[in-house]
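Each chain, letter by letter, is given below.
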Amino acid sequence: MRLAELSERSGVTTATIKYYLREGLLPPGERISATQAEYGEEHLRRLRLVRALVQVGRIPVATAREVLTAIDDDRTDQLTRIGTAVAALPQPAPPRRRDETVVTAEALAGELQRRLGWRIVVNNPAHQALVTALAALLRLGYPCAVEQLLPYGTAADGLAAHEIALIGEFASPTTQLEAAVALTVLYEPVLLSLRRLAQAEAATRQLRDPS
């Protein structure tokens, strides 16, 4: 397809597509003349992924380029590529300093993951973000004992198994990698929205005056 058709099918303007091409987010098309190129279905699929990252996930272009580079790196196994690609997505900041509260949060995060049967990878950005979140709860005096956190971990465990099964439905390894990134970005707001809707529903059921 020509650039105009790629724009029409993807819903992305030609100017934006040209920008993505210049920034290396989209591979160049097959040159058919000095001024024209043709694009295939792989360009359309990649363009939808870029749009999910940049426009929906609000990920900076430079970060999106890192994610796509990890996806395209076939020198490592599939598990490593998925982990690298997802880890390149924006993450909450790790703790600024390691004080007594952070040490307690680290122990709490480790114990929670052990109870769930998970490996503990301290340099994983998600692990560090968990420590930051738990430290904030501890400082403010809100409940965050392991028993109180286990329901969150159990729910996350089930969701992760569901998402990995969804990724496995895609045929090619590259498409699976793209799906892993896209689902991480696109399903997080779905999860947050459903959680808040569930909170509203639970509050209505439990706190409504029976009279």
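What counts and what doesn't
Residues numbered from 1 in each chain as written. Predicted model: local features only at pLDDT ≥ 70, side-chain atom pairs only at ≥ 80, totals over all residues. Heavy atoms only, no water. Helix = DSSP H or I, 4+ residues; strand = E, 2+ residues; numbered from the N terminus. Rg over C-alpha atoms; globule rule 2.2 N^0.38 Å. Buried < 20%, exposed > 50% of the residue type's maximum accessible area, 1.4 Å probe, protein only. Contact = heavy atoms within 4.5 Å. Lys, Arg positive; Asp, Glu negative; His and termini not counted. Charge placed at Lys NZ, Arg CZ, Asp CG, Glu CD. Axes fitted to C-alpha atoms, helices over the stretch in contact; angles between N-to-C directions. Parallel < 35°, antiparallel > 145°, perpendicular 65-115°, else oblique. Left-handed = near helix turned anticlockwise from the far one by under 90°. Nonpolar A, V, L, I, M, F, W, Y, C, P; charged D, E, K, R; others polar. Salt bridge = Lys/Arg side-chain N within 4 Å of Asp/Glu carboxyl O. UniProt positions renumbered as here; feature names shortened; annotations may be inferred. Domains from an automatic or database assignment. Buried area = accessible area lost by both parts, 1.4 Å probe. Polar contact = N/O pair within 3.5 Å; in protein donor to acceptor, adjacent residues only side chain to side chain.

J.: Hey, could you go over the overall build of the protein for me, with residue numbers and the actual values?
T.: Secondary structure summary: the protein contains 9 helices and 2 strands in total. From first element to last, N terminus to C terminus, the protein shows the α and β order α-α-β-β-α-α-α-α-α-α-α. In terms of overall size, the protein is more extended than a compact globule, its C-alpha atoms giving a radius of gyration of 21 Å where 211 residues would be expected to give roughly 17 Å. Out of the 211 residues in the protein, the part that is buried amounts to 30%. Considering only residue pairs separated by 6 or more positions, the protein has 60% of its internal contacts joining residues 24 or more positions apart. For the protein, the separation between the mean place of its 24 positive charges and that of its 24 negative charges on side chains is 5 Å.

J.: Outline the packing of helix α6 (residues 100-115) against helix α7 (residues 125-140), supporting the account with residue identities and numerical values.
T.: α7 packs onto α6 with a crossing angle of 120° between their chain directions and a minimal axis gap of 8 Å. Of the possible angle classes, the one that applies to α6 and α7 is oblique. Relative to α7, the crossing made by α6 is right-handed. Counting all contacts with α6, which are made through Thr 101, Val 102, Thr 104, Ala 105, Glu 106, Leu 108, Ala 109 and Gln 113, the residues of α7 involved are His 127, Leu 130, Val 131, Leu 134, Ala 135, Leu 138 and Arg 139. Looking at the contact of α6 with α7 residue by residue, the classes come out as 9 nonpolar, 4 polar and 2 charged.

J.: Break down the pattern of salt bridges for me, citing the residues and quoting the values.
T.: Considering all chains together, one arrives at 9 salt bridges under this definition. Residue Arg 46 is joined to Asp 72 by a salt bridge in which the shortest nitrogen-to-oxygen separation is 2.8 Å. Here the residue Arg 46 occupies a position in helix α3 (residues 41-56), and Asp 72 occupies one in helix α4 (residues 61-72), the gap between them amounting to 26 residues. Note on Arg 46: relative accessible area 7%, which makes it buried. For Asp 72, a relative accessible area of 44% puts it in the partly exposed group. Between Glu 111 and Arg 114 there is a salt bridge, and its shortest N-O distance comes to 3.5 Å. You can see Glu 111 and its partner Arg 114 sitting in helix α6, 3 residues apart, about one turn around the helix. Glu 111 gets classed as partly exposed once you look at its relative accessible area, which sits at 30%.

J.: Summarise the UniProt feature "domain: HTH merR-type" (unreviewed entry) in the protein; cite the residues concerned and give the values.
T.: Summarizing the sequence annotation, UniProt attributes the feature "domain: HTH merR-type" (unreviewed entry) to residues 1-70 in the numbering used throughout. Secondary structure content for residues 1-70 is 61% helix and 6% strand, while the C-alpha to C-alpha distance between its ends is 27 Å.

J.: Describe the domain arrangement of the protein, with residues and values.
T.: We note that the domain assignment places domain 1 (3-88) and domain 2 (100-208) within the protein. Each of domain 1 and domain 2 was reduced to a C-alpha centroid, and the two centroids are 28 Å apart. When the area that domain 1 buries against domain 2 is broken down by residue, the three leading residues are Arg 45, Ile 71 and Gln 78, summing to 34%. Between the two partners, domain 1 and domain 2, sit 0 salt bridges. Taken together, the connections running from domain 1 to domain 2 amount to 0 residue pairs in polar contact (both at pLDDT 80 or more). For the side of domain 1 that touches domain 2, the elements supplying multiple residues, two or more each, are α3, α4 and α5 (78-87). Classifying every residue of the side of domain 1 that touches domain 2 gives 11 nonpolar, 2 polar and 3 charged.

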